[in-house]
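If you want the building blocks of each chain, they are given just below.
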Amino acid sequence: MDETLADESHVLTMPPVTVDGVAGVRRSVGDAADRAGLPPERADLFTVAVNEIVINAIEHGGGTADVTIIIAGPRLTVEVGDHGTAEARLVVPGEAPPVDQPGGRGLWLASRLCDELTIEPRDHTGGTVIRLTTVA
């Protein structure tokens, strides 16, 4: 990443991410959070949110995730795209899934660990894009 980010926007588009690349995404998000000026605790929570979405994209959306990290001053946005064919549109649950329910917590948890989470269908490639944003 560029070292001069004071008031500039910076975009990092990662190569398609598989399970083996998830740790690299966490490192890149942590670095970006530091550059955006996020306090360490907030950076850690945002990194957990991104991790949940990346894992979901890989597991349920075609085996890889497309990850783009955008720093715009104190605003940090991560876009996670998948290649799934889910017919139902994703919706963030209003409440945590029951503790005895296996799975289903990633989207709910991520929505609580960032300032904004949006879900959109991909235009031409199929799949879904989830955008997570936090501000320092």
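Quick notes on the rules
Residues numbered from 1 in each chain as written. Predicted model: local features only at pLDDT ≥ 70, side-chain atom pairs only at ≥ 80, totals over all residues. Heavy atoms only, no water. Pairing = 2+ DSSP bridges. Helix = DSSP H or I, 4+ residues; strand = E, 2+ residues; numbered from the N terminus. Axes fitted to C-alpha atoms, helices over the stretch in contact; angles between N-to-C directions. Contact = heavy atoms within 4.5 Å. Salt bridge = Lys/Arg side-chain N within 4 Å of Asp/Glu carboxyl O. Buried < 20%, exposed > 50% of the residue type's maximum accessible area, 1.4 Å probe, protein only. pLDDT = per-residue confidence, 0-100.

(A) Representation of the pairing of strand β4 (residues 116-121) in the model. In terms of strand pairing, β4 meets strand β5 (residues 128-135) through six bridges, oriented antiparallel. Paired with E116 across the two strands is T133, which belongs to β5. Here β4 hands over to β5 after six residues, with G126 in that stretch at a positive phi of 75°.

(B) View of the sheet that holds strand β3 (residues 75-81). If you trace the five strands from one edge of the open sheet to the other, you get β1-β2-β3-β5-β4, paired in antiparallel fashion. In the strand order of this sheet, the two ends are held by β1 (9-13) and β4, each with one partner. Neighbour-to-neighbour, the strand axes of this sheet turn through a mean angle of 15°, independent of strand direction. With seven bridges connecting them, β3 and β5 associate as antiparallel partners. Across the sheet, the residue bridging to G81 is V129, located in β5. Set on the sheet, helix α1 (residues 22-36) makes contact with β1, β2 (66-72) and β3; between it and β2 the angle comes to about 10°. Across the face of the sheet, helix α2 (residues 40-60) comes into contact with β2, β3 and β5 while running at roughly 180° to β5.

(C) Looking closely at the environment of R112. In this fold, R112 is placed in helix α3 (residues 106-112). The contacts of R112, once residues within four sequence positions are left out, are V92, P93 and G94.

(D) Highlighting the pattern of salt bridges. Applying the stated criterion to the full structure yields four salt bridges. Here R131 and E79 are joined by a salt bridge, their closest N and O atoms 2.9 Å apart. Residue R131 is found in strand β5, and its partner E79 is found in strand β3; the two are separated by 52 residues along the sequence. Among the residues examined, R131 registers a relative accessible area of 23% and is labelled partly exposed. Residue classification places E79 among the partly exposed residues on the basis of a relative accessible area of 22%. The network of salt bridges with common partners includes E79, E120 and R131.

(E) Local environment of the confidence of the model for the protein. Looking at the protein, pLDDT values average 89 and 91% of them are 70 or higher. pLDDT under 50 marks residues 1-6. Its contacts with residues more than four places away, or in other chains, come to 15 contacts.

(F) Structural context of the side chain of T128. Position of T128 relative to the elements: it lies in strand β5. Contact partners of T128, with chain neighbours within four places excluded, come to V80, G81, D82, L90, I119, E120, P121 and R122.

(G) Just the environment of T85, in detail. In this fold, T85 is placed in the loop between β3 and α3. The class of T85 is exposed, set by a relative accessible area of 73%. Measuring from C-alpha to C-alpha, the distance between T85 and G127 comes to 5.8 Å, with 42 residues separating the pair along the chain.

(H) Structural detail: the side chain of T47. Of note, T47 is situated in helix α2. A residue is classified by how much of its surface remains accessible, and T47, at 11% relative accessible area, is buried. Leave out the neighbours within four places in its chain, and T47 touches R26, V29 and G30.

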